[in-house]
Amino acid sequence: MEQSTAPRVRPLRVRSAALLLALAVAGCAQSPADPEAEAPVGNAVHSSDAAAAPTTLTGAGVFKPRTTMAIVYNRKLVPKGAQASVTAESTGGKTVTSLVVEGLVPNHRYGAHLHVAPCGKGPADAGAHFQHIAGRADATSEVWLDLKTDGSGAGRATARHDWPLTGGEVPHSLVLHARPTTPSEQPAPRIACLTLN
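Residues numbered from 1 in each chain as written. Predicted model: local features only at pLDDT ≥ 70, side-chain atom pairs only at ≥ 80, totals over all residues. Heavy atoms only, no water.

Draft legend 1. Quick peek at the state of the cysteines. Taken as a whole, this structure holds 1 disulfide when the rule is applied. Across the disulfide, Cys119 is cross-linked to Cys193 (sulfur-sulfur distance 1.9 Å). Handedness of the Cys119-Cys193 disulfide follows from its S-S torsion of about -85°: it is left-handed. With Cys119 in the loop between strand 5 (109-115) and strand 6 (147-148) and Cys193 in strand 9 (residues 190-195), this pair connects stretches of sequence that are 74 residues apart. Take Cys193: its relative accessible area is 1%, and that puts it in the buried class. (Disulfide = S-S within 2.5 Å. Helix = DSSP H or I, 4+ residues; strand = E, 2+ residues; numbered from the N terminus. Buried < 20%, exposed > 50% of the residue type's maximum accessible area, 1.4 Å probe, protein only.)

Draft legend 2. Seen up close, the confidence of the model for the protein chain. Per-residue confidence for the protein chain gives a mean pLDDT of 80, with 73% of residues at or over 70. Note on residues 1-52: pLDDT is under 50 here. Beyond four places in sequence and across chains, it has 5 contacts. (pLDDT = per-residue confidence, 0-100. Contact = heavy atoms within 4.5 Å.)

Draft legend 3. A look at the sheet that holds strand 5. What the 5 strands build is an open sheet, ordered 2-9-8-5-6; its pairing is antiparallel. Only two strands of the sheet have a single partner each, and these edge strands are strand 2 (70-72) and strand 6. The pairing of strand 5 with strand 8 (residues 173-177) spans 5 bridges and is classified as antiparallel. Residue pairing for strand 8: Leu114 is matched across the bridge by Leu174. (Pairing = 2+ DSSP bridges.)

Draft legend 4. Local environment of the packing of aromatic side chains. For the structure on display, the rule yields 1 aromatic pair. With centroids separated by 6.1 Å and ring planes inclined at 50°, the aromatic side chains of Phe130 and Trp163 adopt a geometry described as tilted. Pair noted here: Phe130 is in the loop between strand 5 and strand 6 and Trp163 is in the loop between strand 7 (155-161) and strand 8, with a separation of 33 residues, a long-range link. A single burial state applies to Phe130 and to Trp163, both of which are buried. (Phe/Tyr/Trp six-rings, centres within 6.5 Å; stacked < 30°, edge-to-face > 60°.)

If you want it as structure tokens, here you go:
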């Protein structure tokens, strides 16, 4: 009886191994034909890579009328000699943005936001507010750096966000507005701009 069962067990094992080998080969053969079969949903790979890669954007200068690095559009609210410096640092999936100004109108409240395009000769050249979540116009999606200057016209503001600046999705300028941000109203006139790099 042992002789009759031994031949049957051996071919079954061989057939099982052959079947597993055929399935493995078939699975490997399908991978190149269907590259999206195991691709991550959305940009999960990109966001984890971006969180690991630090990004720093800076802009600074004395506001002058004929330059796009630090340009003035309104000398009444941005007097001659006024200057600013902005830094946006993104690391570990978080972003901290800081603005320092000097020589502005003393004891005045200004609005300030990061914008999508570099500064240009016209105030509108900087484009819309930079938004981490497109269409969401609030301080959790946009970078608001509103401030009040002291008696000498100096001031500073910092914004912290729980999201990174990633790849091409970065702001390209900081725009100084005539008044602080009021969410229910249109942004105040643009009075100066710093290009980020």
